[in-house]
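Listed below, chain by chain, are the residues.
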Amino acid sequence: MQNRITSWCLAIAVMLLLMPAQAPAAVLDARWEFRLLPGNAQASAHPRASAWRTAQVPGSVHTDLLAHALIPDPYVGAPEASLQWIGLADWEYRATFDVAAATLARPHAELVFEGLDTFAEVELNGQPLLRADNAHRTWIARVEGRLQPRGNTLRIVFRSPITTLLPSVQAMPHKIAGNYPSPYGDEPRDAMVGNFVRKPAYHFGWDWGPRYVTAGVWRPVRLETWGAHRIDDLAVRTDRLDADAALLTAQVTVRHEGAAASALLDVDVRDPEGRIVARAQHNALLQPGEQQIDVPLQIDQPRRWWPAGQGAQDRYTVHASLGRDEDPALRAERRIGLRSIELRRQDDADGGQGFAFVINGREIFAKGANVIPFDAFPARVDTSRLRTILTAARDANMNMLRNWGGGYYEDDAFFDIADELGLLVWQDFMFGGGMQPGYDPAFRQSVVAEARDNVRRLRHHPSIVLWCGNNEEETAWKDWGHGRDLAKADPVFAAKVWQGYVDLFGNDLRRVVAEEALGVPYWSSSPSNDLDTKANDSTRGDKHYWQVWGNPALPVTAYLRETPRFMSEYGLQSWPSQAMVDRIAPRAEQRIDSPVIQAHQKFMAGQGNERLLHYIRLSYGEPRDFAAFLYLGQVMQAEGIQLAALHHRASRPYTMGSLYWQLNDVWPGASWSGLDHDGHWKALHFQARRFFADLAVAALRDDGVTRISLLNDTPTPQRVDWRLRVMALDGREISRRQQAVVLAPGSATEVGRLGDARLLGVEDPARTIAVVELLQDERVVSRQVVSFVEARDQALQADQVKASLQGEGDQLEVVLQARGLVRAAWIDFGLHEVVLEDNLLDLLPGERRVLRARSDRDAATLRAALRVQTLGDILRVHAVR
Ligand code: BMA
């Protein structure tokens, strides 16, 4: 049983019924098996893998091996080194399936492989069918005349990407930058293959996740059949959108086989309640081959789709059908949202340039985080996990997520949920970093095919507001020495590599987006200024800022001195909860430097926990034990990211976005995430809900000056009061002021810059705080507690909060009663799963908080397990020692 403390919303999410992503597809109904390919070099060391065994499709070889207990759980303990042989082996999958007579009778048929990972040779009934080399593409093969009623066999051999590519990579006189070299010896450190293959980059290991170079049929296989023609695709272009009308063009792609023929094409649009609001009929003359038929549509008084916090997420359903037949091949449906999108890059007077997303004509301050893959083995990620995590994002007042480029293009379900919740998506193409052979035309062609597949698959989602070429490649080349080093070693090759980069990200992908993405803008890299001279600039374009946490590991207050146009990455690490750590390591092995703990800390080859300690020490001092290390790490992360996020928001409109690194986890381990692998809220996520709230106060103290700003992200003016109280830690009030103000829609208003001397007078900085609050209708809607010294030097006391659990059954409440100041109170119930309304709380002297709690456990058990950690308790015990 795990300790699962998280918000209400998470539990509610689980209860929600899941929406089917699309009409049922013709998923191949087959029995799948797998084995190590006979004759493979790994066979002698792993004989048990050589027998045919049942396989799960979609799936991966690691999860199939795990299902048959042939390998230990790749997430528990430290088995990574011992599992690298899997990535060096070749694997064989086979499926047997029957085809119903009616299906077989159809004149046209194809097998559609939505995801093959990666170098795959496919045979159907003993004959070659296709060869694949790109896990991000859809592979399609015509199969009419090649199927039989019973006992068809599909056979797929997956070749190891490492052994396949290594000879050619090793033969290169000069290498191009890959990403994280393997510490396990399965691949030479100076000849990384990952950037030469179109396979999720993180499979080769990343600084937050394990190296599992997997293989398999990772997305469904479908058998599609049709008669004389079929609808291949339906896209809906918005030509004009305002309060009066939406003018749309339904672009219906029809494939027709045989002599020219005519057919009736019907298109209709239903509003969110299912009422038909537009309808058109078109008598189409079909020529042999593929053709696009454009059908104009008009919706009067359209309901627009808005990001979360700005309005409703209304969606319309567009349906196209060719003829009156019930044949699914002759129908297509898209759920769309009506919104306009502009990436506004307005020049400043002084040479800078803005970077703002404008939705339906309104500039939106983007608040959110970066998304990484949800698991090392993507087929394990089900819709309910996506819903849990995306709902948590929305509930933390986020309105944008960046799908980072080192993973895979997410399932349709991800975007359906983002559409529904109003989460804007910044979508990277799948390039995680380093450099790739863009100089190779075949490689570029493969990427273009992949890009078309995915842009077309996803383009109807209103949530997607940017397609971005890659993660950090331009800045790596220009700023991290890679371009310079290669130019020194081999200037001709370096020029060729850079030209390949420009061809791929400057031209090819830009063109695909212009042609296919229905008006969504393109941006060549994050961070960048879209191939302008400088890549990671604070005055133009988007910015990744890693001088805090990364080198030179500046203190978190450095966040306050960095003011970009759009912060697309910044972050601090923490570990997940004790209960999560218990799953991966026995208590006896829970030490900062134990092998199992180190195996789950991927930052800078074993230096991650030291870095974490560095930041904990700066603010809180030395943790007294591993449990305190976990707690203080989470508090440090939450307080540090809050500082940055509030500074970004307070810098509006100069800064128009703040996406921290990272939302979620790929496995249970240390990382920059605010949600753990199961979607439980870490301290950061509770804090994010406060610092991203639409109405919030920022009180940012740097160098002895506290800057107070009032933030309004709502689209309407807000009448509020702001209040400043200076008080002693025991509650004695020293001064107070309060003022009414009207906040403009979408604004940040600075209301004061106050020096310590002015706030403190003669009071002791270690015993005094400033409390800054935003009130609406006399209710505190946002609060910041400003300390004048680091927590480790503050006169915090232990035993300042009394906690109790009241009620029974589904009426449980945690009541907190503070005596003196309480900082960072973290409530947990040990191993018992409890969903809490809020957590990580600062309480003012004398304050009482009542929090709803829900759990399956009985109240007596929970009462006994209830525990509250606070900075005062943790640091005071430390001080006594
Ligand atoms: C960023 C990302 C990732 C990485 C993260 C943390 O720059 O783009 O590649 O995981 O930093 O180091």
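Residues numbered from 1 in each chain as written. Predicted model: local features only at pLDDT ≥ 70, side-chain atom pairs only at ≥ 80, totals over all residues. Heavy atoms only, no water.

Draft legend 1. Spotlight on the overall build of the protein. Across its full length, the protein carries 19 helices and 46 strands. A compact globule built from 881 residues should have a C-alpha radius of gyration of about 29 Å, and the protein, at 28 Å, falls within 12% of that. Dimensions of the protein along its principal axes, counting C-alpha atoms only, are 90 × 70 × 65 Å. When the 881 residues of the protein are sorted by exposure, 62% land in the buried category. Summarising the internal contacts of the protein: among those between residues at least 6 apart in sequence, 71% fall at separations of at least 24. If you sum the accessible surface of the protein, you get close to 32700 Å²; carbon and sulfur atoms cover 49% of it. (Helix = DSSP H or I, 4+ residues; strand = E, 2+ residues; numbered from the N terminus. Rg over C-alpha atoms; globule rule 2.2 N^0.38 Å. Buried < 20%, exposed > 50% of the residue type's maximum accessible area, 1.4 Å probe, protein only. Contact = heavy atoms within 4.5 Å. Areas by Shrake-Rupley, 256 points an atom, 1.4 Å probe, with all protein chains shown as cover.)

Draft legend 2. Main features of the side chain of D268. Here D268 lies in strand β17 (residues 261-270). For the buried D268, no salt bridge is present, and the opposite-charge side chain at shortest range is R270, 4.1 Å distant. Beyond its immediate sequence surroundings of up to four residues, D268 is in contact with I276, A278, R279, T317, V318 and H319. (Lys, Arg positive; Asp, Glu negative; His and termini not counted. Salt bridge = Lys/Arg side-chain N within 4 Å of Asp/Glu carboxyl O.)

Draft legend 3. Looking closely at the pairing of strand β4 (residues 91-97). β4 sits mainly inside the fold: five of its seven residues count as buried. Both strand β2 (residues 31-36) and β4 contribute to a ladder of six bridges, which runs antiparallel. What sits directly across from F34, in β4, is Y93. Alignment of β4 against strand β10 (residues 152-159), held across seven bridges, turns out to be antiparallel. Note that in β10 the partner of T96 across the bridge is T153. (Pairing = 2+ DSSP bridges.)

Draft legend 4. Here's a closer look at helix α11 (residues 491-516). Compared with an ideal rise of 1.5 Å per residue, which puts 26 residues at 38 Å, α11 spans 36 Å between its outermost C-alpha atoms and is within 8% of the ideal. Within α11, the axis deviates most sharply at L504, by approximately 30 degrees. The first or second residue beyond α11 is L518, which carries a positive phi of 55 degrees. (Expected span 1.5 Å × (residues − 1). Bend = angle between axes of the 7 residues up to and from the residue.)

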